[in-house]
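Summary of structural features
Listed below, chain by chain, are the residues.
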Amino acid sequence: MSIDPAPEEALTIAAERFDAAGVRMTRGRRAVLGALFRAGGPVTVDELATLLDSEIPVSSLYRTLGVLVDAGVAVRVHERGGVARFEAAEDLAGHHHHLVCRVCGRVLDIPAVPDEDAELQRIVSAAARRAGFAVTGHHVDIEGVCSSCRAA
Ligand SMILES: [Zn+2]
Ligand SMILES: [Zn+2]
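To start, this report covers the structure provided alongside it. (Residues numbered from 1 in each chain as written. Chains lettered and ligands numbered in written order. Predicted model: local features only at pLDDT ≥ 70, side-chain atom pairs only at ≥ 80, totals over all residues. Heavy atoms only, no water.)

**Some words on unusual backbone geometry**
Even without being a glycine, Asp 53 presents a positive backbone phi close to 55°. Looking at where Asp 53 falls in the secondary structure, it is placed in the loop between α3 (45-51) and α4 (58-70). We classify Asp 53 as exposed; its relative accessible area is 62%. (Helix = DSSP H or I, 4+ residues; strand = E, 2+ residues; numbered from the N terminus. Buried < 20%, exposed > 50% of the residue type's maximum accessible area, 1.4 Å probe, protein only.)

**Here's the deal with the coordination of the zinc ion (ligand 1)**
Those protein atoms acting as donors to the zinc ion (ligand 1) are Cys 101 (SG), Cys 104 (SG), Cys 146 (SG) and Cys 149 (SG), and they sit at 2.2 to 2.4 Å. In primary sequence terms, the donor set of the zinc ion (ligand 1) follows C-x2-C-x41-C-x2-C. Of this pair, Cys 101 sits in strand β3 (residues 96-101) while Cys 149 is found in helix α7 (residues 147-151), placing the two residues 48 residues apart along the sequence. No difference in accessibility class separates Cys 101 from Cys 149, as the two residues are buried. (Donors = N, O, S within 2.8 Å, 3.2 Å for Na, K, Ca; no water.)

**Quick notes on helix α6 (residues 114-129)**
Under the 1.5 Å per step criterion, the end-to-end length of α6 is 22 Å for 16 residues, consistent within 8% with the ideal 22 Å. Those residues of α6 that fall on the buried side of the exposure criterion are Asp 117, Ser 125 and Ala 128. An end-on view of α6 places all buried positions within 75° of arc, on one side of the element. Residues of α6 that are exposed and angled more than 90 degrees away from the buried face: Asp 115, Glu 116 and Arg 122. Lining the buried residues of α6 we find β3. (Expected span 1.5 Å × (residues − 1). Arc of directions from axis to C-beta. Contact = heavy atoms within 4.5 Å.)

**Details of the side chain of Thr 44**
With respect to the element layout, Thr 44 can be found in the loop between α2 (27-38) and α3. Given the relative accessible area of 11%, Thr 44 is considered buried. Looking at Thr 44, its side chain comes within polar contact range of the main-chain nitrogen of Glu 47, at 3.1 Å. Sequence-distant contacts of Thr 44, defined by excluding residues within four places in its chain, comprise Val 83, Ala 84 and Arg 85. (Polar contact = N/O pair within 3.5 Å; in protein donor to acceptor, adjacent residues only side chain to side chain.)

**Observations concerning the sheet that holds strand β5 (residues 141-144)**
Reading across from one edge, β4-β3-β5 is the order of the three strands in this open sheet, with mixed pairing throughout. Taken across any chain shown, the strands that pair with only one partner, and hence form the sheet edges, are β4 (107-111) and β5. When strand polarity is set aside, the average angle formed by the axes of neighbouring strands in this sheet is 25°. (Pairing = 2+ DSSP bridges. Axes fitted to C-alpha atoms, helices over the stretch in contact; angles between N-to-C directions.)

**Quick look at the coordination of the zinc ion (ligand 2)**
Taken together, His 95 (NE2), His 97 (NE2), Asp 117 (OD), Asp 117 (OD) and His 138 (NE2) make up the full set of protein donors to the zinc ion (ligand 2), lying 1.9 to 2.7 Å away. Going along the chain, you hit the donors of the zinc ion (ligand 2) in the pattern H-x1-H-x19-D-x20-H. Separated by 21 residues along the polypeptide, Asp 117 in helix α6 and His 138 in the loop between α6 and β5 bring together distant segments of the chain. With relative accessibility at 12%, the residue Asp 117 sits in the buried group.

**Brief notes about the packing of helix α1 (residues 7-21) against α2**
Where α1 meets α2, the axes come as close as 11 Å, and the angle between the chain directions of the two elements is 135°. With respect to each other, α1 and α2 are oriented oblique. Seen from above, α1 lies across α2 with right-handed handedness. Between α1, through Ala 10, Leu 11, Ala 14 and Phe 18, and α2, the contact on the second element is made entirely by Arg 29, Arg 30, Leu 33 and Phe 37. A class-by-class count of the residues in the contact of α1 with α2 yields six nonpolar, no polar and two charged. (Parallel < 35°, antiparallel > 145°, perpendicular 65-115°, else oblique. Left-handed = near helix turned anticlockwise from the far one by under 90°. Nonpolar A, V, L, I, M, F, W, Y, C, P; charged D, E, K, R; others polar.)

**As for a nonpolar patch on the surface**
Residues Leu 99, Leu 108 and Ile 142 make up a contiguous nonpolar surface patch of roughly 200 Å² in combined accessible area. By the element assignment, Leu 99 lies in strand β3. (Patch = residues over 30% accessible without salt bridge, like charges linked within 9 Å, V, L, I, M, F, W, Y side chains within 5 Å. Areas by Shrake-Rupley, 256 points an atom, 1.4 Å probe, with all protein chains shown as cover. Salt bridge = Lys/Arg side-chain N within 4 Å of Asp/Glu carboxyl O.)

Following this line, the structure appears as structure tokens:
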């Protein structure tokens, strides 16, 4: 996705969070986090391996992602058919929504546009209020067919 805050800044925040959790920022962890920032959407472990030119074996990718999730810098999202996807934590990557392709399963980030997002938040809050619910945030998944699958 479009990186906001800048990756360097986000990596600094991540490093601070690692310190707080007593976790060391290794080269591998930094590389995985960098790849999550560059990915353009939540990725599977296999997609992550490809992004990293298979430099890190899949088994250690699982371990590294577990460490990143525990330290609060990455999250597990969109588990479908037993396949989990991972992305950088939203407070590092910036508020965004997801386009979910029903054909190939890819998930693409779309950055939240402030004006649109305020309107979205208003609609979401109104719907939640009817259920007596106080909204603190939202995540939107837009389902459909991606441009590659539409062209196929
Ligand atoms: Zn698709
Ligand atoms: Zn939003």
